[in-house]
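Each chain, letter by letter, is given below.
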Amino acid sequence: MAFKISDECIACGSCESECPNEAISPGDGIYVIDPDKCTECVGFYDTQQCLDVCPVEAPGPDPDRRETREQLLEKFARLHPGKTPVL
Ligand code: SF4
Ligand code: SF4
């Protein structure tokens, strides 16, 4: 399931450079995640990097974007052609 940033976001910007898929960008007052690029960090890490660095735990799973691990790996493959997932 793609992650989403809640209204708790204080727009510190810490998460933007941590996303391996460049899925995070500044939005209207808070940062936002492009769900078409978020793999929950599947393929790169075993924890979600945006949540790990966030001081207010604003990123979390989006219940409207439920995806299986297989679907997330397919997204990884689409975003990173030829790259082998490490996790
Ligand atoms: S969970 Fe991972 S892939 Fe998704 S936005 Fe956060 S850092 Fe990026
Ligand atoms: S690290 Fe947290 S508070 Fe900072 S921009 Fe990202 S979601 Fe917002």
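Please refer to the structure placed before this passage.
Throughout what follows, the structure given in this document is the object of discussion.

Surveying the vicinity of ligand 1 reveals 15 residues, the closest of which are Cys-19, Cys-38, Cys-41, Gln-48 and Cys-50. Grouping the constituent residues of the shell around ligand 1 by class yields nine nonpolar, four polar and two charged.

Our next topic: the nonpolar core. By size, the foremost hydrophobic cluster in this structure holds 14 residues, and its most contacted members are Cys-15, Ile-24, Ile-33 and Cys-50. Those elements that place two or more of their residues in this core are β1 (3-5) and β3 (31-33). When neighbours within four sequence positions are excluded, Cys-15 is seen to be in contact with Ile-24, Tyr-31, Cys-50, Val-53, Cys-54 and Pro-59.

Attention shifts here to the site of ligand 2. Near ligand 2 there are 14 residues, and of these Cys-9, Cys-12, Cys-15, Cys-54 and Ala-58 occur at the shortest range. Here the shell around ligand 2 is built from residues that sort into twelve nonpolar, two polar and no charged.

Once that is clear, we can look at the environment of Ala-58. Within the fold, Ala-58 resides in the loop between α1 (49-53) and β4 (59-61). What makes Ala-58 buried here is the crowd of 21 C-beta atoms within 10 Å. Distance from Ala-58 to Glu-8, taken between C-alpha atoms, is 5.4 Å for residues 50 residues apart in sequence.

Further remarks concern unusual backbone geometry. Phi is positive for Glu-40, which is not a glycine, with a value near 60°. Considering the arrangement of structural elements, one finds Glu-40 in the loop between β3 and α1. Of the residues examined, Glu-40 has 23 C-beta atoms within 10 Å and is grouped as buried. Positive phi values are uncommon outside glycine, yet Glu-57 reaches one of about 55°. Position of Glu-57 among the secondary structure elements: in the loop between α1 and β4. Looking at Glu-57, the number of C-beta atoms within 10 Å reads 11, which means it is exposed.

So, how was this worked out
- Residues numbered from 1 in each chain as written.
- Chains lettered and ligands numbered in written order.
- Predicted model: local features only at pLDDT ≥ 70, side-chain atom pairs only at ≥ 80, totals over all residues.
- Near = placed C-beta within 6 Å.
- Nonpolar A, V, L, I, M, F, W, Y, C, P; charged D, E, K, R; others polar.
- Core = buried A, V, L, I, M, F, W, Y, C linked by C-beta atoms within 7 Å.
- Buried ≥ 20, exposed ≤ 12 C-beta atoms within 10 Å, placed from the backbone.
- Helix = DSSP H or I, 4+ residues; strand = E, 2+ residues; numbered from the N terminus.
- Contact = placed C-beta atoms within 7 Å.

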